[in-house]
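# Remarks on the overall topology
Now for the letters of each chain:
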Amino acid sequence: MENQHKFRDHLRSVSDLSDGIYRCQEQSSLQLREVEIRDTGALSAPDDIDGLMRLVSHHHSVEVMKCEIRKFIDSVPYGGIILDVGVGWGWHWLGLSVYRPDLLVCVLDFSLQSLVRAKKVLANESSNSFVYVCGNALNLKFESESINSYWSVQTLQHVDSFETAISEAHRVLVDGSQFVSYSLNTQPVVRSLYNVLGRSYVVNGEYSEGINLSRASTEQFAVVERIFGAPVEARYSEILFSPEILLNFPGRQNSLLGKIDNLLTGNSFYSRN
């Protein structure tokens, strides 16, 4: 597919390739601690997929995210290129090369060890389905209008400049393409519980050592609408799943509660900004 060949050729021209990973990273001094944390987590993760998925379920609802990624994939045009910003360990792309062998996914992360882990997780997938890029959401080394769909999960909530990240997303996307970003939102019930327990509930600030957090907000929606020139569609997912209060058992793979949680996706009654 001509657009995919052109995309690969451009990557070769602007980055170094080593061990199957393109290096486009320009490290920000503000991100060094976060990169270190992400690298350490990737290095210590289990090698077997079952153990890995158990660990993932502490941070994401596996059943919900599997359904969400399938809906997203179904919306991508034939022969399209997907950019996954902040891919982490790549588990949500398992099965792509069988389900949609026509697609190319550029998995990007600023943590080199996360990409090494993702390559292991996706080792049985077709090499034609993926390219691995160590890069930065704030300075994408791709040509303008070269990407068909943008997917990101809990990454843009941590970047140094949300507006810069959105501007870069808009630049690289083909006009009219889909932009999807999942972020933590402000949950009034959890926030009240934190207040009762005397814990700090971070909405916009340092979430943990070296990691900042800016939860989804109307201010962020306004930035996206201004740059893309289109209204934002806000949806809610992982409603029964809340690691912040250790309610993570609905996140397990094949969990019945996880499947029910997926049915609740989009229902703003349960959780709102």
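In this report, the structure presented in the accompanying data block is examined. (Residues numbered from 1 in each chain as written. Predicted model: local features only at pLDDT ≥ 70, side-chain atom pairs only at ≥ 80, totals over all residues. Heavy atoms only, no water.)

## Looking at the pattern of salt bridges
Where charged atoms of side chains with opposite charge meet at close range, the side chains can pair. Let me state the cut-off plainly: In the sections that follow, a salt bridge refers to a side-chain nitrogen of Lys or Arg positioned within 4 Å of a carboxyl oxygen of Asp or Glu. The helix and strand labels rest on DSSP assignments: H or I over at least four residues marks a helix, E over at least two residues marks a strand, and numbering proceeds from the N terminus.
Inspection of every chain in the model, using the stated rule, returns 11 salt bridges. Between Arg117 and Asp47 there is a salt bridge, and its shortest N-O distance comes to 2.9 Å. With Arg117 in helix 6 (residues 112-121) and Asp47 in the loop between helix 2 (32-44) and helix 3 (49-56), the pair connects residues that are 70 residues apart, well separated along the chain. Across the pair Glu163 and Arg226 runs a salt bridge, and its minimum N-O distance is 3.0 Å. Of the two residues, Glu163 is situated in helix 7 (residues 162-172) and Arg226 in helix 9 (residues 218-228); the sequence distance between them amounts to 63 residues. Ionic contacts of the salt-bridge type, sharing partners, join the residues Glu63, Lys66 and Lys259 into one network.

## Side note on the state of the cysteines
The condition that has to hold: Cysteine sulfur atoms are paired as a disulfide whenever they come within 2.5 Å of each other. Between buried and exposed lies partly exposed: a residue is buried under 20% and exposed over 50% of the maximum accessible area for its type, with that area taken using a 1.4 Å probe on protein chains only.
Under the defined criterion, the tally for this structure stands at zero disulfides. The thiol of Cys134 is not disulfide-bonded; the next cysteine sulfur, from Cys24, is found 8.4 Å away. Its relative accessible area of 5% is what places Cys134 among the buried residues.

## Comments concerning the sheet that holds strand 1 (residues 16-18)
Convention followed: We call two strands paired when DSSP finds no fewer than two bridges between them. Axis lines are fitted through C-alpha atoms, for helices just across the contact stretch, and the angle between N-to-C directions can take any value from 0 to 180 degrees. Two residues form a contact once any of their heavy atoms are found within 4.5 Å.
Taken together, seven strands build an open sheet; the order of strands is 1-2-5-4-3-6-7 and the sheet is mixed. Each edge of the sheet is formed by a strand with only one pairing partner; in this case those strands are strand 1 and strand 7 (173-182). Strand after strand, the sheet turns through a mean of 25° between neighbouring axes, direction not considered. Taken together, the three bridges between strand 1 and strand 2 (residues 21-23) define a ladder with antiparallel strand orientation. Each bridged residue has a counterpart across the sheet, and for Asp16 the counterpart in strand 2 is Arg23. The sheet contacts of helix 7 involve strand 3 (81-85), strand 6 (147-153) and strand 7, and relative to strand 7 the element is tilted by about 140°.

## Focus: the packing of helix 7 against helix 9
In plain terms, the rule: Left-handed describes a crossing in which the near helix is turned anticlockwise from the far one by less than a right angle; the clockwise case is right-handed. Residue polarity is assigned by list, with Asp, Glu, Lys and Arg as charged and Ala, Val, Leu, Ile, Met, Phe, Trp, Tyr, Cys and Pro as nonpolar; anything else, Gly included, falls into the polar class.
Axis separation between helix 7 and helix 9 bottoms out at 10 Å; the angle between their running directions is 35°. Helix-helix and strand crossings are classified by hand; for helix 7 and helix 9 the assignment is right-handed. Facing helix 7, whose interface residues are Phe162, Glu163, Ile166, Ser167, Ala169 and His170, helix 9 presents Gln220, Val223, Val224, Arg226, Ile227 and Phe228. A per-class count over the contact of helix 7 with helix 9 returns seven nonpolar, three polar and two charged.

## Observations regarding the packing of aromatic side chains
The following threshold applies: Classification of ring pairs uses Phe, Tyr and Trp, with its six-membered ring standing for Trp, and accepts pairs whose centres are within 6.5 Å; under 30 degrees between planes counts as stacked, over 60 as edge-to-face, and the remaining range as tilted. We call a charge positioned over a ring when the NZ of a Lys or the CZ of an Arg lies within 6 Å of the ring centre and within 35 degrees of the ring normal.
Taken as a whole and judged by the stated rule, the model has seven aromatic pairs. Considering the side-chain rings of Phe72 and Trp151, the 5.0 Å spacing of their centres and the 45° angle between planes classify their relative orientation as tilted. Of the two residues, Phe72 is situated in helix 4 (residues 62-74) and Trp151 in strand 6; the sequence distance between them amounts to 79 residues. One exposure class covers both Phe72 and Trp151, and it is buried. On the basis of an interplanar angle of 40° and a centroid distance of 4.9 Å, the ring pair of Tyr150 and Phe179 is categorised as tilted. Taken together, the positions of Tyr150 in strand 6 and Phe179 in strand 7 put the pair 29 residues apart, joining distant regions of the chain. In textbook terms, an aromatic cluster arises when at least three aromatic residues are bridged by ring pairs, as seen for Phe72, Trp151 and Tyr182. Here the basic side chain of Arg199 rests over the ring of Tyr194, its NZ or CZ set 4.3 Å away from the ring centre. Residue placement shows Arg215 over the ring face of Tyr201; its charged tip is 4.2 Å from the ring centre.

## Some remarks on the side chain of Glu238
Which entries qualify depends on this criterion: Charge convention: Lys and Arg are scored as positive, Asp and Glu as negative, and His as well as the terminal groups of each chain are ignored. In protein, a polar contact means a hydrogen-donor-capable atom and an acceptor-capable atom, both N or O and within 3.5 Å, with residues adjacent in sequence counting only if both atoms are side-chain atoms; elsewhere, any N or O pair within 3.5 Å suffices.
Its location among the elements puts Glu238 in the loop between helix 9 and helix 10 (256-264). Buried Glu238, no salt bridge; nearest opposite-charge side chain is Arg215, N-O distance 11 Å. From its side chain, Glu238 meets the backbone nitrogen of Ser61 in a polar contact 2.6 Å long. Discounting chain neighbours no more than four positions away, the residues touching Glu238 are His60, Ser61, Val64, Met65, Gln154 and Asp261.

## Focus: a nonpolar patch on the surface
The test is simple: Surface patches are defined over residues having more than 30% relative accessible area and no salt bridge, joining like charges when they lie within 9 Å and nonpolar side chains (Val, Leu, Ile, Met, Phe, Trp, Tyr) when within 5 Å. Computed with a 1.4 Å probe, the accessible areas rest on the Shrake-Rupley method; for each residue, only the protein chains presented here act as cover.
Among the surface-exposed residues, Leu193, Val196, Leu197, Ile245, Leu247, Phe249, Leu256, Leu257 and Ile260 lie close enough to one another that they form a single nonpolar patch of about 790 Å² accessible area. Looking at the nonpolar patch, the elements with two or more residues in it are helix 8 (188-197) and helix 10. Tracing the backbone shows Val196 in helix 8.

## Side note on the nonpolar core
Definition in use: Buried residues of nine kinds, namely Ala, Val, Leu, Ile, Met, Phe, Trp, Tyr and Cys, make up a nonpolar core once their side-chain atoms join them within 4.5 Å.
Phe72, Trp93, Val107, Phe130, Tyr132 and Trp151 are the most contacted members of the largest nonpolar core, which has 32 residues in total. Elements represented by at least two residues in this core include exactly helix 3, helix 4, strand 4 (104-109), helix 6, strand 5 (130-134), strand 6 and strand 7. No other element matches the five residues that helix 4 contributes to this core. Apart from residues lying up to four places away in sequence, Phe130 is in contact with Arg8, Trp93, Leu96, Leu104, Val105, Val107, Leu122 and Glu125.

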